[in-house]
Amino acid sequence: MPLTISISVVLTIIVILAVVGFFLGRARAISVAQGAEVGLHSLPKTHGWHVALWAAIPALVLMSLWAVGSGVASNMYAHAIIDPDAAELQIPASVTEGLPQEEIDVRLSAQRELFVASVKGLADAIDGFIANGRATEEEIDSWQNDFGPLEQRLREDGQIIGASISQKMLTTALRLRSFDNSVELLGRILTIALAIGCFAIALRLISREFRARLSVERWILTFLIFASTMAILTTIGILSAITFPTFAFFKEYGFFNFLFGLEWAPAGDVAGDPDGADGSYNSALGFLPLIWGTLYIAFVALLVAVPLGLSAAIYLSEFAPSALRTVIKPALEILAGIPTIVYGIFALVTVGPFLQAVVGSTIMPNTVSVVTAGVVMGMMLVPFVSSLSDDVINAVPQSMRDGSLGLGATPAETVTKVILPAALPGIVGAIVLAASRAIGETMIVVLAAGALSSVTGLEPNPFGAVVTVTTRIVAVLTGEGSGFDSIDVLAVFALAFTLFFVTLALNLLAQRIVAKYREQYD
Amino acid sequence: MTDMTTPSAAPARKFQSLYERSEQIEMRHKKGTALRILGISAITLVLFFLCVLLWSIFSRGIPALWQYQAEISIFYDPAILNEDGGAVTPEEIGSVSLRSGFERGIYANSLNQSLREAGIDTAAVVADRYAARTAELLAAANLADGAGSYLDDFRSGSVEGGDIARVFGQSGSAVRAAQTALDGGDVDAALEALAAVVTDLEEKGFLTASAQVAAIAEGLSAETTVQASTALAATGLQTALLDSATLMREPAEFDEVSFATMIYAANRRDTRDYLVENPDLVGEAETVRVPVSISLTRYLTGELQGADKSDMPPGFDLGHLAVADAMVEADIINRHFHWRFFTNLYSQSGEITGIGPALMGSLYMMLVVLVFSLIFGVAASIYLEEFAPKNKLTDFIEINIANLAAVPSIVFGILGAAILFALTDLGIGSSIRGTALMGGIVLSLMTLPTIVIATRSALKAVPPSIREAALGVGASKVQAMFHHTLPLAAPGILTGTIIGIAQALGETAPLLLIGLSVSTGADILSSPLSGGLLEQTQSLPTVVYLLAQNEDAPVRQGLAQSAIIVMLILLFLLNFVAIMLRRRFERRW
Amino acid sequence: MSTTDIKIEARDVDVFYADTHAIKSVNVDVQDKTVTAFIGPSGCGKSTFLRCLNRMNDTIDICRVEGSIKLDAEDIYDRRVDPVQLRAKVGMVFQKPNPFPKSIYDNVAYGPRIHGLARTKSDLDEIVETSLKRAALWDEVKDRLDGPGTGLSGGQQQRLCIARAVATSPEVLLMDEPCSALDPIATAQVEELIDELRSRFSVVIVTHSMQQAARVSQKTAFFHLGELVEFGETTQIFTNPVDSRTESYITGRIG
């Protein structure tokens, strides 16, 4: 009977060790102080924490790392033990004839992956089967000889099996299972051992001169540093996650083909393996139609948001009685808090048909269009523009206003001739930020701008449908039939890369403009 | 050091009384008013948009929560469950086909029985409706006088619809022949055909129409064929007769398939399992409420009127609609609050779709975000603010974090997708794709910068004197931070966290990219400790996205909005809590 | 107009900030072509009263003014009066120089432009030049009229503000501690200016420096705790004060 230690057992042991450690540590601190506790460097309970943390944290870390590592190891083992002569891995000579060696290699590796996946699936299914109580471990071994009905029994139990089971698959799966179990067992044992070991050492360290607080604080600082690193890793993570595939894409498809291509029509070619005539790709992956759609919609959105937002901001900061202001400002903020998917659906269901009714179907063939998405996005951006402008307008010192009023200007003239020009850089910064937001917006355009899967050229009609960068990203990554090795998927990373940098650049630009503006008043 | 005073450059102003407003000033004030009006109009426009938005959501979402359901008495008929007539054992039940046994057998029969008990004669209702419609069609073409007897016979069942169809059809063909002849300009043939029509109509009792045609035939000559043709067409006889014929051909017997179409035999598999576990229910009946089929809902809500073929719910005909109306009148079909919507799994079938897994998924992901972002975000902020050395590296980090907060959310989705790719190469990608854990991680990464920024400003707002006082009595930096500064900054941190979580709750795009169920397949999750975090899940926004693309309008325009309402309520609560926290604990230093 | 004409006549003026009674029953006359100084310890209400004279207190919601203030025998708080029109006649220079972030030319031209005082560009040029000369700034900036107003030194900025204020040819010029943010040399320049300005305008200057009041003004009003304690010829106030409070202030015992 193979020995297994369940994860709850391990966790319980760790928790018990930590709790016991706490009390033991504290008691020991008191005993080595021999009554003169003030002589100790730290409080007795800190000594307790010291032991508890040492007992628990290294073990938990090991457990987490092991969990990830064992998955990796399992995969590697699976690859290692498959028999290259297995029937499922062969490609008939009739097919390989005439193909270049690289192509054969690509197909062979695909076959291998498929087999490994089946093996792992089978192993999972058997696990599930046993977990449901339909069989015991010993019975499994006997199946090696008589696996015929196995498939059906597994399926009836609700287990999901991909391909049909072969002898080789079964053998490999069983070996994989035993490997996985051994690895898991080893991990659990090591974890417990580590916990006990650290527990003992930490306890021994306690003496009259021992500075428990430093030990505890070191743990705290380590955690803080770890946390900060995570934040940094996110940035680096984002960058590398999109950069590497992007460059791979450019290498394969050509940077200028992408940047200046006028057509977007993905065709599912595998990266590194163009299907087209003359060795080029069938997929047309040009960037221009997409950025056209994005910019067109952003333009319409800003056309709506900037006048409305700015007028609202001027009114609220200069003319509105304070009672009105306290009511209206939160009302506008509500607009900002509504999730973009709600806007998208509203655009699709209400605004689109309305516009179509107003403008007529000749000008507007579908309910989705640039204007549909643009108007709704503009409304979403209004609180953005208005709130930022409001801040900026309020930052203009009162002395400016006094100076203008003192010269006999009306409040309106003061606003238009003194305050707005003074606040202009800040307002421009706000507009740039709004533009950045508009460019990166996804759900509104996915639902309301059009879902064409391919597009050629630049659609000039504001009432026509367009495709945007973000729509494409969503479409490709949620669509079926795009394997991770397809060139279309790589292209999506290039799109994300561009998006990231454009929005980053806009944000930095806005920050610089606003910073220069603030200089004036410091 | 004075400048030479030059003679006054501006012309000496004549005395302008303060009591009189000059024209110029009036103009200037008018411009001011214009600016004010502009501002007010802008605000009004925007608030109007908001109102329209909220109205469109609530006016559709709230009614959609009252589902049309039929209250019927389900009879677990042993005859159906074991066709051989033997005892009904759980195994027997388990082997009954879902479609023919349950859907078309038990449910359909039960519906039939319930209708009968309510006094509805299905066949009569159907016949009545067809007759009524046919009468309408015929009456419009002055054929009412003859129609009566045929339709009465049809209603009483003494004549088949098909036979009547033939009668009408013959007449219709005759009229068509006459029409063709007239169009062809052949006077003799036309006269013959017209005469045939007159006779035919007279025989059948359509006296008015017959007279009409006779009038057209009278005095027909080569010159007047065109007029006559137009006149004949204007009577509408051909269309009326032929359409009536088609109509009369339709009604088939209202059989169990028809019954089954009316309702959604909800959870047939569940019913079967339920019976397997409670075999003693066999032979018993119980009253249940089943949702009506979504096509029927489209009729009941008025979206489809059933006036003609294009307006008919798919799979339905006039007979179904007639029965439905009867059921409504007999109070069998009624609207009940759709509690199940909040617990059901998502399904393509609008009758049983629900946001149960989505609610759970969102909740789990919020928990993950809370744990990850709060702990890591606060920890990172504390470190950067208090303990990190002030050098270029830390400055760089701070700038980056601010920039991350402004990155579009979809980029985080890409990050998640990239992580999945990498993990897939390592072999564990598929197990984490579309799970609450992965979703939570992506959302945490997205919320992290927001929380870091909020925490930093909360920490900065605590006066340094507090920290200095703590250090002054001998506390270590760590102790000063955790015992003094942090508790004072806690309300600000919490407020920022809640707002960050509220934003994450509404995010759709990043979750779509990491494979959150874009199809069915998400079940109610197990508790987080037993692996619920690693099961396929959905979130509220993603399920809204799915619902909004459903092919049936009651789902797209109704239930999707209901789901949105749920989401908005949650967001409102979160924001409300954040604002209350801020008000209650805000200190002014 | 002779110097003995009363330009501004204030009678029984009370100012309230919500419930606080800030200015109590002030009676004072400002004569034409005269410099009148308002002195008193900080917080005594002299700036507040000054701001009543051009209705700048209107911008503060909670401020309420009662009593009568007449400019050329017209009550400036009459409901027919438009403050905008009033402020074209009564200009103001503030404590801290507040040039607009525009060019020097545009700063000075701002007032004339909005009031439509110049019909052609050359008219406007003349007004700008005259005003800058009156503010004793012309020579220093005549070559860089397009430069930013904020790019000048403190003293120059304040003189720019003075030029801006006189560009609308007001009849009265109110100055609220115009030199308190300036260095001694700039202060001396501005004080010299004031003396010249009085040949064209009535000037009311609030100052916390008694020496300055003595130097530049012909009439002085002493405020204390919101009341006008004493008002008369400058020489008389400083050499022979009637009220004991005035004497205490002059001799430095209070304020």
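Cut-off values and rules
- Residues numbered from 1 in each chain as written.
- Chains lettered and ligands numbered in written order.
- Predicted model: local features only at pLDDT ≥ 70, side-chain atom pairs only at ≥ 80, totals over all residues.
- Heavy atoms only, no water.
- Helix = DSSP H or I, 4+ residues; strand = E, 2+ residues; numbered from the N terminus.
- Rg over C-alpha atoms; globule rule 2.2 N^0.38 Å.
- Buried < 20%, exposed > 50% of the residue type's maximum accessible area, 1.4 Å probe, protein only.
- Contact = heavy atoms within 4.5 Å.
- Areas by Shrake-Rupley, 256 points an atom, 1.4 Å probe, with all protein chains shown as cover.
- Lys, Arg positive; Asp, Glu negative; His and termini not counted.
- Charge placed at Lys NZ, Arg CZ, Asp CG, Glu CD.
- Disulfide = S-S within 2.5 Å.
- Core = buried A, V, L, I, M, F, W, Y, C linked by side-chain atoms within 4.5 Å.
- Patch = residues over 30% accessible without salt bridge, like charges linked within 9 Å, V, L, I, M, F, W, Y side chains within 5 Å.
- Salt bridge = Lys/Arg side-chain N within 4 Å of Asp/Glu carboxyl O.
- Polar contact = N/O pair within 3.5 Å; in protein donor to acceptor, adjacent residues only side chain to side chain.
- Nonpolar A, V, L, I, M, F, W, Y, C, P; charged D, E, K, R; others polar.
- Buried area = accessible area lost by both parts, 1.4 Å probe.
- Phe/Tyr/Trp six-rings, centres within 6.5 Å; stacked < 30°, edge-to-face > 60°.
- Lys NZ or Arg CZ within 6 Å of the ring centre and 35° of its normal.
- Pairing = 2+ DSSP bridges.
- Axes fitted to C-alpha atoms, helices over the stretch in contact; angles between N-to-C directions.
- Expected span 1.5 Å × (residues − 1).
- Arc of directions from axis to C-beta.
- pLDDT = per-residue confidence, 0-100.
- Left-handed = near helix turned anticlockwise from the far one by under 90°.

**Student:** Would you mind going over the overall build of chain B with me for this structure?
**Tutor:** For chain B, the helix and strand inventory stands at 25 helices and 3 strands. Relative to a compact globule of 589 residues, whose C-alpha radius of gyration would be 25 Å, chain B shows 38 Å and is clearly more extended. Seen through its principal axes, chain B has C-alpha atoms that stretch 120 × 100 × 50 Å. Per-residue burial for chain B yields a buried fraction of 50% across its 589 residues. For chain B, restricting intrachain contacts to residue pairs at least 6 apart in sequence, the fraction spanning at least 24 positions comes to 77%. Accessible surface, chain B as shown: approximately 27200 Å² in total, 58% of it carbon and sulfur. Of the charged side chains in chain B, 39 are positive and 60 negative, and the gap between their average positions amounts to 22 Å.

**Student:** Quick question: what am I supposed to make of the overall build of chain C here?
**Tutor:** In terms of regular secondary structure, chain C is built from 10 helices and 10 strands. Against the globule reference of 18 Å for 255 residues, chain C gives a C-alpha radius of gyration of 18 Å, in line with a compact fold. In terms of principal-axis extent, the alpha carbons of chain C reach across some 55 × 45 × 35 Å. Within chain C, the proportion of its 255 residues that are buried is 60%. A sequence separation of at least 24 residues applies to 66% of the contacts in chain C between residues at least 6 apart. Across chain C, the mean location of the 30 positive side-chain charges is 3 Å away from that of the 37 negative side-chain charges.

**Student:** Got a minute to help me understand the state of the cysteines in this structure?
**Tutor:** Linking two cysteines covalently via their sulfur atoms produces the bond known as a disulfide. In the structure shown here, the tally under the stated rule is 0 disulfides over all chains. No disulfide involves Cys 63 of chain C; its sulfur sits 6.0 Å from the nearest other cysteine sulfur, which is in Cys 52 of chain C.

**Student:** Is there a simple way to think about the nonpolar core in this case?
**Tutor:** The nonpolar side chains of soluble globular proteins are, as a tendency, buried together. With 170 residues, the main nonpolar core has Phe 249, Ile 341, Tyr 343, Ile 473 and Leu 477 of chain A together with Ile 355 and Ile 414 of chain B as its most contacted residues. Tallying contributions element by element places helix α10 (residues 288-319) of chain A first for this core, with 18 residues. Core analysis: the next-biggest nonpolar cluster, separate from the first, contains 83 residues, Phe 154, Ala 240, Leu 241 and Leu 318 of chain B among them.

**Student:** How do you make sense of a nonpolar patch on the surface when you look at a structure like this?
**Tutor:** There is a patch of nonpolar side chains on the surface, built from Phe 223 and Phe 226 of chain A together with Leu 363, Leu 367, Leu 370, Val 371, Phe 372 and Ile 375 of chain B and spanning about 670 Å² of accessible area. When residues of the nonpolar patch are traced back to their parent elements, those giving at least two are α8 (212-253) of chain A together with α16 (356-387) of chain B. Element by element, the count of residues in the nonpolar patch is highest for α16 of chain B, at 6 residues. Looking at the element boundaries, Leu 367 of chain B is found in helix α16. The class of Leu 367 of chain B is partly exposed, set by a relative accessible area of 42%.

**Student:** Would you mind showing me how to read the interface of chain B and chain A here?
**Tutor:** Much of the literature gives interface size as the accessible area that the parts lose upon coming together. Contacts between the two partners involve 71 residues from chain B, matched on the other side by 79 residues from chain A. On the surface where chain B and chain A come into contact, there are 1 salt bridge. Salt-bridge contacts for Arg 28 of chain B lead to Glu 413 of chain A; the nearest nitrogen and oxygen are separated by 2.7 Å. For the interface between chain B and chain A, the tally reads 4 residue pairs in polar contact (both at pLDDT 80 or more). Counting residues per element, the side of chain B that touches chain A draws most heavily on helix α1 (residues 23-64) of chain B, which supplies 20 residues. The residue makeup of the side of chain B that touches chain A, split by class, is 51 nonpolar, 15 polar and 5 charged.

**Student:** How do you make sense of the interface of chain C and chain B when you look at a structure like this?
**Tutor:** Listed by partner, the interface residues are 33 residues for chain C and 21 residues for chain B. The largest per-residue losses of area from chain C upon contact with chain B belong to Glu 74, Arg 80 and Gln 85 of chain C, which jointly make up 25% of the total buried on that side. Here chain C and chain B share 0 salt bridges between them. In this assembly, chain C and chain B are joined by 6 residue pairs in polar contact (both at pLDDT 80 or more). Mapped by element, the contributors of at least two residues to the side of chain C that touches chain B are β5 (74-75), α2 (83-89), α3 (104-115), α4 (121-134) and α7 (184-197) of chain C. With 5 residues, α2 of chain C is the largest single contributor of residues to the side of chain C that touches chain B. Among the residues forming the side of chain C that touches chain B, the class breakdown is 11 nonpolar, 7 polar and 15 charged.

**Student:** Could you clarify how one ought to interpret the side chain of Asn 344 of chain B in this entry?
**Tutor:** All names here are of chain B. Within the secondary structure, Asn 344 is located in the loop between β3 (333-337) and α16. Note on Asn 344: relative accessible area 14%, which makes it buried. A polar contact of 3.1 Å, which involves the side chain of Asn 344, links it to the backbone oxygen of Ile 352.

**Student:** Sorry if this is basic, but what is going on with the packing of aromatic side chains here?
**Tutor:** Given two aromatic rings, their pairing is described by the distance between the two centres and the angle made by the two planes. Considering all chains together, one arrives at 26 aromatic pairs over all chains under this definition. Taking 5.4 Å as the distance between ring centres and 80 degrees as the angle between the ring planes, the aromatic pair formed by Phe 22 of chain A and Phe 23 of chain A counts as edge-to-face. For the pair Phe 372 of chain B and Phe 376 of chain B, a centre-to-centre distance of 5.8 Å together with 85 degrees between the ring planes defines the contact as edge-to-face. Pair noted here: Phe 372 of chain B and Phe 376 of chain B are both in helix α16, with a separation of 4 residues, about one helical turn. Residue classification places Phe 376 of chain B among the buried positions, given a relative accessible area of 14%. Three or more aromatic residues joined by ring pairs make a cluster, and in this case those are Phe 247, Phe 249, Phe 250, Phe 497, Phe 500 and Phe 501 of chain A. In this structure, Arg 64 of chain C is placed above the aromatic ring of Phe 16 of chain C, and the distance from its NZ or CZ to the ring centre is 4.4 Å.

**Student:** So what exactly am I meant to see when it comes to unusual backbone geometry here?
**Tutor:** A negative phi holds for most residues other than glycine; trans holds for most peptide bonds. Residue and element names in this part refer to chain C. Residues other than glycine seldom take positive phi values, yet Ser 25 does so here, at roughly 50 degrees. Within the fold, Ser 25 resides in strand β2 (residues 20-31). The exposure class of Ser 25 is partly exposed, given its relative accessible area of 41%.

**Student:** I tried to follow the pattern of salt bridges on my own but got confused; where do I start?
**Tutor:** A side chain of one charge can pair with a side chain of the opposite charge if their charged atoms are brought near each other. Per the counting criterion, the structure on display carries 34 salt bridges over all chains. Residues Glu 71 of chain B and Arg 289 of chain B are paired through a salt bridge, measuring 3.4 Å at the closest nitrogen-oxygen approach. Of the two residues, Glu 71 of chain B is situated in strand β1 (residues 66-75) and Arg 289 of chain B in strand β2 (residues 285-291); the sequence distance between them amounts to 218 residues. The class for Glu 71 of chain B is partly exposed, based on a relative accessible area of 39%. With its nearest N and O atoms 3.8 Å apart, the salt bridge here joins Arg 245 of chain C to Glu 227 of chain C. Of this pair, Arg 245 of chain C sits in helix α10 (residues 244-250) while Glu 227 of chain C sits in strand β10 (residues 227-233); the two residues are 18 residues apart in sequence, bridging distant segments of the chain. According to the relative accessible area criterion, Arg 245 of chain C is partly exposed, its value standing at 31%. Because the salt bridges share partners, they merge into one network encompassing Arg 325, Lys 329 and Asp 390 of chain A.

**Student:** I keep staring at the sheet that holds β1 of chain B and nothing clicks. Help me out?
**Tutor:** Picture the strands of a sheet paired through backbone hydrogen bonds; they go either parallel or antiparallel. All names here are of chain B. Spatial strand order, β2-β1-β3: 3 strands in an open sheet with antiparallel pairing. A strand with exactly one partner marks an edge of an open sheet, and here the two such strands are β2 and β3. Neighbour-to-neighbour, the strand axes of the sheet open up by a mean angle of 45 degrees, direction not taken into account. Inspection of the sheet shows β1 paired to β2 by 7 bridges, in the antiparallel sense. Note that in β2 the partner of Ser 73 across the bridge is Thr 287.

**Student:** Would you explain α7 of chain C in this entry?
**Tutor:** One turn of the α-helix equals 3.6 residues, which is why residues spaced by three or four share an orientation. Residues and elements named next belong to chain C. Under the 1.5 Å per step criterion, the end-to-end length of α7 is 20 Å for 14 residues, consistent within 8% with the ideal 20 Å. Listed in full, the buried residues belonging to α7 are Ala 186, Thr 187, Val 190, Glu 191, Leu 193, Ile 194 and Leu 197. On an axial view of α7, the arc spanned by its buried residues comes to 160 degrees, and they lie on one face. Of the exposed residues in α7, the ones pointing more than 90 degrees away from its buried face are Pro 184 and Ile 185. On its buried face, α7 sits against β3 (35-39), α4, α6 (154-166), β7 (172-176), β8 (202-206) and α8 (210-216). N-cap assignment for α7: the residue whose side-chain oxygen lies 3.0 Å from the backbone N of Ile 185 is Asp 183.

**Student:** Whenever I open this one, the side chain of Ser 362 of chain B confuses me. Can you help?
**Tutor:** All names here are of chain B. With respect to the secondary-structure elements, Ser 362 resides in helix α16. Here Ser 362 falls in the buried class, since its relative accessible area comes to 4%. In this structure, Ser 362 is in contact with Leu 505, Gln 538, Ser 539, Leu 540 and Pro 541, ignoring residues within four places of it in sequence.

**Student:** Whenever I open this one, the confidence of the model for chain B confuses me. Can you help?
**Tutor:** For residues with low pLDDT, the predicted coordinates do not support detailed interpretation. All names here are of chain B. For chain B, mean pLDDT is 81; residues scoring 70 or higher make up 91% of the total. Averaged pLDDT values for the elements of chain B fall to 68 in helix α19 (residues 429-432) and rise to 91 in α1. With pLDDT under 50 throughout, residues 1-13 is counted as low confidence; its partners more than four residues away or in other chains account for 21 contacts.

**Student:** I keep staring at the packing of α3 of chain C against α6 of chain C and nothing clicks. Help me out?
**Tutor:** Each pair of packed helices can be described by the angle between their axes along with the distance between the axes. Residues and elements named next belong to chain C. Their axes nearest at 7 Å, the elements α3 and α6 cross at an angle of 35 degrees. Judged by the sense of rotation from one axis to the other, the crossing of α3 with α6 is right-handed. Facing α3, whose interface residues are Ile 104, Asn 107 and Val 108, α6 presents Leu 160, Ala 163 and Arg 164. Looking at the contact of α3 with α6 residue by residue, the classes come out as 4 nonpolar, 1 polar and 1 charged.

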